[in-house]
Amino acid sequence: MPNFSKWLLLPLFHSLLVLHVYLSNQLDDNKIPPSLCNGHPGIPGSPGVHGSPGQPGRDGRDGRDAAPGEKGEKGERGAPGETGVRGLTGDRGDHGVKGERGQPGECAVAPKSAFSVKLSQGHTLPLTVGDAVHFDTIIINEQGDYNSETGRFTCKVPGVYYFAIHATVYRASLQFDLMKNGHAVASYFQFYGNWPKPASLSGGSLLHLIPGDQVWVQMALSEYNGFYSSTKTDSTFTGFLVYSDWKNSAVFA
């Protein structure tokens, strides 16, 4: 019988143990279950201390576009900026289209003037002082600037000319002048001393001439007229243009 009673008391002990555990949990921290004690409401407590600031909230949505504002006044011009660094050289461009052929230009021909003349054999020379020596045989006179009838050269092209005289002296002394517009620019003399053979006298000069100027050889003294010419020796008068200052010529345009 004692063993039988023991088994009957086990459920009772178990129930008491469960009830004890339950009541122990309710009484922790001075908590009294409402089911055991119902009192009057307590007095409200004093306000609590402010809490620490919370974390920043998320960005809000973008607002709607407002209406455009009025155009402001033009600002003052700013100071020029510094010169920038020079850029790199660009690629070479394509060849352009070939242009049209131009019209033919004027032919640039340099002006010319030259002559060379001599005394013919047995020519009678003037004996009067101031007469021009007539070199009557033409060697060259393409421009016609020398007149064999007057013995004078007349300038057509302005510029610098060179004139040269070569005289064979025989039977008498010789003195002559190179004349420009009635004025002697150079004088020449050769004494003849009754030699058995002819002597010679030569001279030359550069002259600047303008159109209309005249140049010739003139006897200086009537008794010194020993110009001579033969098959073996000549007396010549030569002149030619060295350079021109004729601005109207196409070559000087």
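Note that residues are indexed from 1 along each chain, following the sequence as it is written. Thresholds applied to this predicted model are a pLDDT of at least 70 for local features of residues and 80 or more for the giving and counting of side-chain atom pairs; totals over whole chains, interfaces and linings are not thresholded and use all residues. The side-chain values count all of the structure's non-hydrogen atoms but skip hydrogen atoms and water molecules.

Under an unreviewed UniProt entry, the name given to the protein is C1q and TNF related 5, and the source organism is Amphilophus citrinellus. UniProt positions are given in the numbering used here, feature names are shortened, and annotations may be inferred rather than shown by experiment. If you open the UniProt record of the protein and go to Subcellular location (unreviewed entry), you find "Secreted, Extracellular space, Extracellular matrix".

**Description of the overall build of the protein**
Counting its regular elements, the protein contains 1 helix and 10 strands. Going from the N terminus to the C terminus, the protein shows its helices and strands as α-β-β-β-β-β-β-β-β-β-β. Counting across all 253 residues of the protein, residues that qualify as buried make up 25%. Any two residues whose heavy atoms approach within 4.5 Å at even a single point are treated as in contact. Within the protein, residue pairs in contact and separated by at least 24 positions form 70% of the contacts whose partners lie at least 6 positions apart. Counting only carbon and sulfur atoms, one obtains 54% of the accessible surface of the protein, whose full area is about 20200 Å². Working definition: helices are DSSP H or I runs of at least four residues, strands are E runs of at least two. Numbering for both runs from the N terminus. The rule is simple: take the accessible area with a 1.4 Å probe, protein chains only, and divide by the maximum for that residue type; under 20% is buried, over 50% is exposed, in between is partly exposed. Using a 1.4 Å probe, accessible areas were evaluated by the Shrake-Rupley method; residue-level cover was limited to the displayed protein chains.

**A few points about the packing of aromatic side chains**
Stacked, edge-to-face and tilted are the three classes for Phe, Tyr and Trp ring pairs, Trp counted by its six-membered ring, which pair at centre distances within 6.5 Å; planes under 30 degrees apart are stacked, over 60 edge-to-face, the rest tilted. In total, this model carries 19 aromatic pairs according to the counting rule given. Both rings, one in Tyr-170 and one in Tyr-192, keep their centres 5.9 Å apart while their planes meet at 80 degrees; by these two values the pair is edge-to-face. Of this pair, Tyr-170 sits in strand β5 (residues 159-180) while Tyr-192 sits in the loop between β6 (183-190) and β7 (199-209), and the two are 22 residues apart along the sequence. When the centroid spacing of 6.4 Å and the interplanar angle of 85 degrees are considered together, the rings of Phe-191 and Trp-195 count as edge-to-face. Of the aromatic side chains, those joined through ring pairs into one cluster are Phe-115, Phe-135, Tyr-146, Phe-153, Tyr-161, Phe-163, Phe-176, Tyr-188, Phe-227 and Phe-237.

**Looking at the pattern of salt bridges**
Salt bridges are defined as contacts in which a side-chain nitrogen from Lys or Arg sits within 4 Å of a carboxyl oxygen from Asp or Glu. As enumerated under the stated definition, the model contains 2 salt bridges in all. The closest approach of N and O atoms between Lys-118 and Asp-234, which form a salt bridge, is 3.8 Å. Within this pair, whereas Lys-118 is found in strand β1 (residues 114-118), its partner Asp-234 is found in the loop between β9 (225-228) and β10 (236-244), the two being separated by 116 residues in sequence. Residue classification places Lys-118 among the partly exposed residues on the basis of a relative accessible area of 25%. Given a relative accessible area of 28%, Asp-234 falls into the partly exposed group. Across the salt bridge formed by Lys-156 and Asp-145, the nearest N and O atoms sit 3.4 Å from each other. Taken as a pair, Lys-156 in the loop between β4 (152-154) and β5 and Asp-145 in the loop between β2 (137-140) and β3 (146-147) lie far apart in primary sequence, 11 residues in all. Given the relative accessible area of 49%, Lys-156 is considered partly exposed. Its relative accessible area of 6% is what places Asp-145 among the buried residues.

**Focus: the pairing of β10**
The criterion for strand pairing is that DSSP finds at least two bridges linking the strands in question. Of the strand pairs in this sheet, β1 and β10 are connected by 5 bridges, and their pairing is antiparallel. The residue bridging Ala-114 from the neighbouring strand is Phe-240, located in β10. Across 8 bridges, the pairing between β5 and β10 is antiparallel. Bridged to Ile-165 within β10 is Phe-237.

**Details of the nonpolar core**
What we call a nonpolar core is a set of buried Ala, Val, Leu, Ile, Met, Phe, Trp, Tyr and Cys residues that are connected through their side-chain atoms within 4.5 Å. Core analysis: the largest hydrophobic core is formed by 30 residues, its most contacted members being Phe-135, Phe-153, Phe-163, Phe-176, Leu-178, Phe-227 and Phe-237. Counting residues per element, the ones that place at least two in this core are β1, β5, β6, β7, β8 (214-219) and β10. At 8 residues, β5 tops the list of elements feeding residues into this core.

**Section: a nonpolar patch on the surface**
Patch membership is restricted to residues that have no salt bridge and whose relative accessible area is over 30%. Joining uses 9 Å for like charges and 5 Å for the nonpolar side chains Val, Leu, Ile, Met, Phe, Trp and Tyr. Together, Leu-206, Phe-240, Val-242 and Tyr-243 give the surface a local cluster of nonpolar side chains, amounting to about 400 Å² of exposed area. It is β10 that contributes the most residues to the nonpolar patch, 3 residues altogether. If you trace the backbone, Phe-240 turns up in strand β10. With relative accessibility at 35%, the residue Phe-240 sits in the partly exposed group.

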